[in-house]
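Read off the chains here:
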Amino acid sequence: MNALNIPQGSTAHSAYSLRPTLPEGEERRTLAVLVRNEAGVLARVIGLFSGRGYNIESLTVSETDHASRRSRITVVTTGEPAIIEQIKAQLSRMVVVIDVHDLTMEGPSVERELALIKVACTGEARVEALRMSQVFRASVVDTTLKSFVFELTGAPDKIDAFVELMAPLGLVDVSRTGVAAIKRGPDPM
Amino acid sequence: MPREMTGAQIVVQALKDQGVDTVFGYPGGAVLPIYDEIFKQNDIKHILVRHEQGATHAAEGYARSTGKPGVVLVTSGPGATNAVTGLTDALMDSIPMIVLTGQVPTFLIGSDGFQEADTVGITRPCTKHNWLVKETDHLADTLHQAFHVAMAGRPGPVLVDIPKDVQFATGMYNSPEEAEELPYNPRREPEDDAVMAMVEMIETAERPILYTGGGVINSGDRASALLRELAEETGFPVTSTLMGLGCYPASGKLWLGMLGMHGMYEANMAMHGCDAMFCIGARFDDRITGRLDAFSPGSKKAHIDIDPSSINKNVHVDVPILGDVAETLERVLAKWRARGAQTRRDRLAGWWTQIEAWKAIKCLTYKPSKSVIKPQYALERLEALTRGRDRYITTEVGQHQMWAAQFLRFDEPKRWMTSGGLGTMGYGVPASIGVQIAHPEALVINVAGEASFMMTMQELSCAVQYMAPVKQFILNNERLGMVRQWQQLLHGERYSHSYSEALPDFVKMAEAFGCKGIRCTDPADLDDAIQEMLDYDGPVIFDCLVEKHENCFPMIPSGKAHNEMLLGEASTEGAIDVSGSVLV
């Protein structure tokens, strides 16, 4: 899919919204899970998803408070609303989990992802790739005479769009961090 | 004051400080230091099982019959992997259990050492929580936290993996009071709004039913007492899951019997036809609900559960109440009484008339026989001859388990131990030993099938060693009865591997183990034979040869609704359709 062939009536509103639409009745939610950072904590959370057949679209994890040994896991998941409620209940009853927030439902939030995108090309294609990177405000973090590595930060849709556009120009590799998300405004989570 | 001890001493001290009097275990290389400390003391009794699975089920039996956590001590590698079935069983049935496993020394972890297994990795999905303790200084706190997690909220099994070098090294011991607390405290008190909503449901219900489960028993004896008050004062009918038998007395006038796949006709019909369902500590398991989209279609549903993930998991409820059963029932009763203890008495009478009509079907009727012992008859006689005794029943899994649930009657909680969620064949023999160890003077009977019995029968050696006079009441049909029944209903009577072509002589086997063996084949001899079993002061294997092709009824076939129950042999043709056949 690229920006030029968004079907009529698609839920995608612009070239920046290229995520495939979900099956009828399913929703995409971003969950922020605050956990005690002890051995095996990520395996516990992932094991819950795989063991019970829940989806993971993206998952990021890192310690966010070293002194109190807390990590924040951001999970993007899809499913019917009842399943998502089940996921939240299953997560919040785990011994290592301190708090679970549904950022999609609890008011506006900011979602960002970082990607490193390697493109190998010469001539016209190379000029075009660089020009596109400027449109997307990507920065060049590595260059040779035959390649670029772009660093791009943004919502997942934006990164999808950029990757799509690089494909015909000599896309070699993509490395993405997964989504980090935070609530807008002064309140925590 | 914190004191310096070896890790092995810390383990034994922590168990003592947690009030543990019995440990079920099996030694091995990676737990030798702990066994050395057990040798040096007399406060904690160690029961040597014959297989680690037996230790876990014995601990479950101990826990379920006492309300205290069961404790298991096993070695690394195979010791730990053999405990996995029991851990999963305890997780499914919400049984508090602490399993301590030895592990290879920390410096060998990851090297594929002898008897090394990734125990915390293997047991992560089958425990509430587990820990690998790498420093002796953390051991005491972890053990105390393990007891807290096993008991807090919805109970369940936990595991602490202790490398051998951690057992030898010295570290500081903290008492339970000094230990660092784990911030894990599931909410016990329900929201006022939810309590109020349930009270209003009680006041307006015209065709109510109290659908109770194991959560009532886990919540403690006060919960059972409060449930009885609620039932008696409202006059609402009571049913229960397999796990909840005994929380309301079977002799009570409001008792409808067990519900579910092999539950009572009147209980299932009342579930289907009610307008107000009060689910108290049960979890809408598939054995209970039958076909979900036809489950109790016209009712408003309230659900008391301490586990938020149980609420709205399988069935949407109108009044979710997150809280402990006793805490909740206490508030509901207080509020309801304060508002005048009203019910729709005018409507309840009609509802009871309907229920009595369903009862009149007599769904447990079976064809009696003078020549062969019917399994139902055997259980009726066992019930009659043990009535009034301080009696504990364990079971294995299969037809005999369902018949036991149908024909034996429980007036008190914690008297019925069965593997409900996981359905573990082999549960009953070790569980009966665990119960007997906890209640040395009581009558403990394991109602078994010969196939289940053979899965863990080595534990009789354990029963003999500790003089645990458990009675193994085997309904021997020389078949895997429930499998055979399903093959008859679903697979064109092709009995693929559902019978044993070689079975031991159970009487001789009893004698070989040092137990008493009794065989009974004639209904006329049954009473005397059962009495002989009851009178014998020691473990007994009772080989009761029963009708081989008896089916367990009533039955809700897979994929059918509560009001589509099968009542007898006549109606089984095509009972399970294609969509039902994929279900278990």
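Since this is a predicted model, take the numbers as computed values, not measurements.

Chemist: Just checking my understanding: could you explain the interface of chain B and chain A for this structure?
Modeler: Often, the extent of an interface is quoted as the loss of accessible area on bringing the components together. Counting residues at the interface gives 14 residues for chain B, matched by eleven residues for chain A. Across the chain B/chain A interface, buried area totals approximately 1,100 Å², and carbon plus sulfur atoms make up 53% of it. A per-residue breakdown of the area chain B buries against chain A is headed by B:Arg124, B:His129 and B:Ser309, which together make up 45% of the total. Counting across the chain B and chain A interface gives one salt bridge.

Chemist: Would you take a moment to explain the pairing of strand β3 (residues 70–79) of chain A for this structure?
Modeler: All names here are of chain A. Of all ten residues in β3, nine are buried; the element is thus mostly enclosed. Pairing between strand β1 (residues 27–36) and β3: ten bridges, direction antiparallel. By the bridge assignment for β3, Leu34 is matched with Arg72. The pairing of strand β2 (residues 58–65) with β3 spans seven bridges and is classified as antiparallel. Bridged to Ser58 within β3 is Val76.

Chemist: Would you mind going over the confidence of the model for chain A with me for this structure?
Modeler: As a general rule, the predicted coordinates of low-pLDDT regions are not to be interpreted in detail. Taken as a whole, chain A shows an average pLDDT of 90; of its residues, 89% reach a score of 70 or greater. The model gives residues 9–16 of chain A a pLDDT under 50, and that stretch makes eleven contacts with residues more than four places away or in other chains.

Chemist: I keep staring at the UniProt feature "domain: Thiamine pyrophosphate enzyme TPP-binding" (unreviewed entry) in chain B and nothing clicks. Help me out?
Modeler: UniProt's feature table lists "domain: Thiamine pyrophosphate enzyme TPP-binding" (unreviewed entry) at residues 397–544 of chain B, given in the numbering used throughout. As annotated, residues 397–544 of chain B comprises 41% helix and 17% strand, and the C-alpha atoms at either end are separated by 17 Å.

Chemist: Please clarify how the sheet that holds strand β13 (residues 300–305) of chain B should be interpreted in this entry.
Modeler: The strands that make up a sheet pair up through hydrogen bonds in the backbone, lying either parallel or antiparallel. All names here are of chain B. Read from one edge to the other, the open sheet built from six strands follows the order β11-β10-β9-β12-β13-β14, with strand pairing classed as parallel. Bordering the open sheet on either side are β11 (255–258) and β14 (319–322), each of which pairs with just one other strand. The sheet shows a mean angle of 15° between the axes of neighbouring strands, taken without regard to direction. As defined by bridge partners, β13 adjoins β14 across four bridges and the pair is classed as parallel. Within the sheet, the bridge partner assigned to His303 lies in β14 and is Pro320. Contacts from helix α9 (residues 192–204) reach β12 (276–280), β13 and β14, with the element oriented near 130° to β14. With respect to the sheet, helix α14 (residues 325–338) is in contact with β12, β13 and β14, its orientation differing from that of β13 by roughly 130°.

Chemist: Just to check I follow, could you spell out the pairing of strand β17 (residues 443–449) of chain B for this structure?
Modeler: In the case of a regular strand, side chains alternate between the two sheet surfaces. Residues and elements named next belong to chain B. The buried fraction of β17 is high, at seven of seven residues. Here β17 shows two buried faces, one formed by Leu443, Ile445, Val447 and Gly449 and the other by Val444, Asn446 and Ala448. The pairing of strand β15 (residues 391–395) with β17 spans five bridges and is classified as parallel. Across the sheet, the residue bridging to Thr395 is Val447, located in β17. As defined by bridge partners, β17 adjoins strand β18 (residues 471–476) across five bridges and the pair is classed as parallel.

Chemist: Would you mind showing me how to read the nonpolar core here?
Modeler: Buried together is how nonpolar side chains tend to be arranged in soluble globular proteins. Residues and elements named next belong to chain B. Among the nonpolar cores identified, the biggest contains 105 residues, and Leu379, Phe473 and Phe542 are the most heavily contacted of them. A domain split of this core shows at least three residues from each of domain 2 (192–359) and domain 3 (375–552). Leu15, Val133, Phe147 and Val160 belong to the second-largest nonpolar core, a separate cluster that totals 36 residues.

Chemist: Would you explain the UniProt feature "domain: Thiamine pyrophosphate enzyme central" (unreviewed entry) in chain B in this entry?
Modeler: Mapped onto this structure's residue numbering, the UniProt feature "domain: Thiamine pyrophosphate enzyme central" (unreviewed entry) falls at residues 197–331 of chain B. Here residues 197–331 of chain B runs as 35% helix and 20% strand, with 12 Å between its end C-alpha atoms.

Chemist: Explain the domain arrangement of chain B to me, please; I cannot follow it from the model alone.
Modeler: Residue and element names in this part refer to chain B. Here chain B is described as being made up of domain 1 (3–173), domain 2 (192–359) and domain 3 (375–552). Summarising the inter-unit geometry, the C-alpha centres of domain 1 and domain 2 are found 37 Å apart. Tallying the contact residues gives seven residues for domain 1 and six residues for domain 2. Together domain 1 and domain 2 conceal approximately 600 Å² of surface at their shared face, both sides included; 50% is due to carbon and sulfur atoms. For the domain 1 face of the interface with domain 2, the top three residues by lost area are Arg64, Asp93 and Arg154, together amounting to 62%. Where Arg154 meets Asp307, a salt bridge forms, and the shortest distance between an N and an O atom there is 2.7 Å. Linking domain 1 to domain 2 there are three residue pairs in polar contact (both at pLDDT 80 or more). A per-class count over the side of domain 1 that touches domain 2 returns two nonpolar, two polar and three charged.

Chemist: Would you take a moment to explain the domain arrangement of chain A for this structure?
Modeler: Residue and element names in this part refer to chain A. On domain assignment, one finds that chain A holds domain 1 (27–106) and domain 2 (110–182). Between the C-alpha centres of domain 1 and domain 2 there is a distance of 29 Å. Summed over both partners, the interface of domain 1 with domain 2 comes to about 500 Å²; 53% of that surface belongs to carbon and sulfur atoms. The interface formed by domain 1 and domain 2 contains zero salt bridges. The interface formed by domain 1 and domain 2 holds four residue pairs in polar contact (both at pLDDT 80 or more) in total. Counting only elements with at least two residues in the side of domain 1 that touches domain 2, the list comes to β2 and β3. Its residues placed into classes, the side of domain 1 that touches domain 2 shows three nonpolar, four polar and one charged.

Chemist: Which parts of the structure should I look at to understand the sheet that holds strand β20 (residues 540–545) of chain B?
Modeler: Residue and element names in this part refer to chain B. Across the sheet, which stays open at both edges, the six strands sit in the order β16-β15-β17-β18-β20-β19 with parallel pairing between neighbours. Since the sheet does not close on itself, it has two edges, and those belong to β16 (416–417) and β19 (516–520), each with one partner. On the sheet, helix α17 (residues 399–407) packs against β15, β16, β17 and β18 and is oriented at approximately 135° with respect to β17.

Chemist: How should I be thinking about the environment of A:Ala161 in this particular structure?
Modeler: Relative to the helices and strands, A:Ala161 is located in helix α4 (residues 156–170). Judged by its relative accessible area of 4%, A:Ala161 falls in the buried class.

Chemist: Looking at this structure, how should I read helix α18 (residues 428–438) of chain B?
Modeler: The α-helix winds at 3.6 residues per turn, so residues separated by three or four positions along the chain end up facing the same way. Where burial is concerned, most of α18(B) is hidden: ten out of the eleven residues are buried. Residues of α18(B) that are buried: B:Gly428, B:Val429, B:Pro430, B:Ala431, B:Ser432, B:Ile433, B:Gly434, B:Val435, B:Gln436 and B:Ile437.

Chemist: Sorry if this is basic, but what is going on with the packing of aromatic side chains here?
Modeler: Describing an aromatic ring pair means giving the distance of the ring centres and the angle of the ring planes. For the structure shown, the criterion picks out 14 aromatic pairs over all chains. With centroids separated by 5.3 Å and ring planes inclined at 75°, the aromatic side chains of B:Tyr211 and B:Phe284 adopt a geometry described as edge-to-face. You can see B:Tyr211 sitting in strand β9 (residues 208–212) and its partner B:Phe284 sitting in the loop between β12 and α13 (286–289), a full 73 residues away along the chain. Per residue, the accessibility class of B:Tyr211 equals that of B:Phe284, and both read buried. Ring plane angle 90° and centroid distance 5.9 Å describe the contact between B:Phe284 and B:Phe295, whose orientation is recorded as edge-to-face. With B:Phe284 in the loop between β12 and α13 and B:Phe295 in the loop between α13 and β13, this residue pair connects regions lying eleven residues apart in the sequence. The pair B:Phe284 / B:Phe295 is uniform in exposure class, with both members buried. Among the aromatic side chains, those forming a connected cluster through ring pairs are A:Phe136, A:Phe148, A:Phe150 and A:Phe162. Taking NZ or CZ as reference, A:Arg126 lies 4.3 Å from the ring centre of A:Phe148, over its face. Its guanidinium or amino end placed over the ring of B:Phe410, B:Arg391 lies 5.3 Å from that ring's centre, counting from NZ or CZ.

Rules used in this analysis
- Residues numbered from 1 in each chain as written.
- Chains lettered and ligands numbered in written order.
- Predicted model: local features only at pLDDT ≥ 70, side-chain atom pairs only at ≥ 80, totals over all residues.
- Heavy atoms only, no water.
- Contact = heavy atoms within 4.5 Å.
- Buried area = accessible area lost by both parts, 1.4 Å probe.
- Salt bridge = Lys/Arg side-chain N within 4 Å of Asp/Glu carboxyl O.
- Buried < 20%, exposed > 50% of the residue type's maximum accessible area, 1.4 Å probe, protein only.
- Helix = DSSP H or I, 4+ residues; strand = E, 2+ residues; numbered from the N terminus.
- Pairing = 2+ DSSP bridges.
- pLDDT = per-residue confidence, 0-100.
- UniProt positions renumbered as here; feature names shortened; annotations may be inferred.
- Axes fitted to C-alpha atoms, helices over the stretch in contact; angles between N-to-C directions.
- Core = buried A, V, L, I, M, F, W, Y, C linked by side-chain atoms within 4.5 Å.
- Domains from an automatic or database assignment.
- Polar contact = N/O pair within 3.5 Å; in protein donor to acceptor, adjacent residues only side chain to side chain.
- Nonpolar A, V, L, I, M, F, W, Y, C, P; charged D, E, K, R; others polar.
- Phe/Tyr/Trp six-rings, centres within 6.5 Å; stacked < 30°, edge-to-face > 60°.
- Lys NZ or Arg CZ within 6 Å of the ring centre and 35° of its normal.

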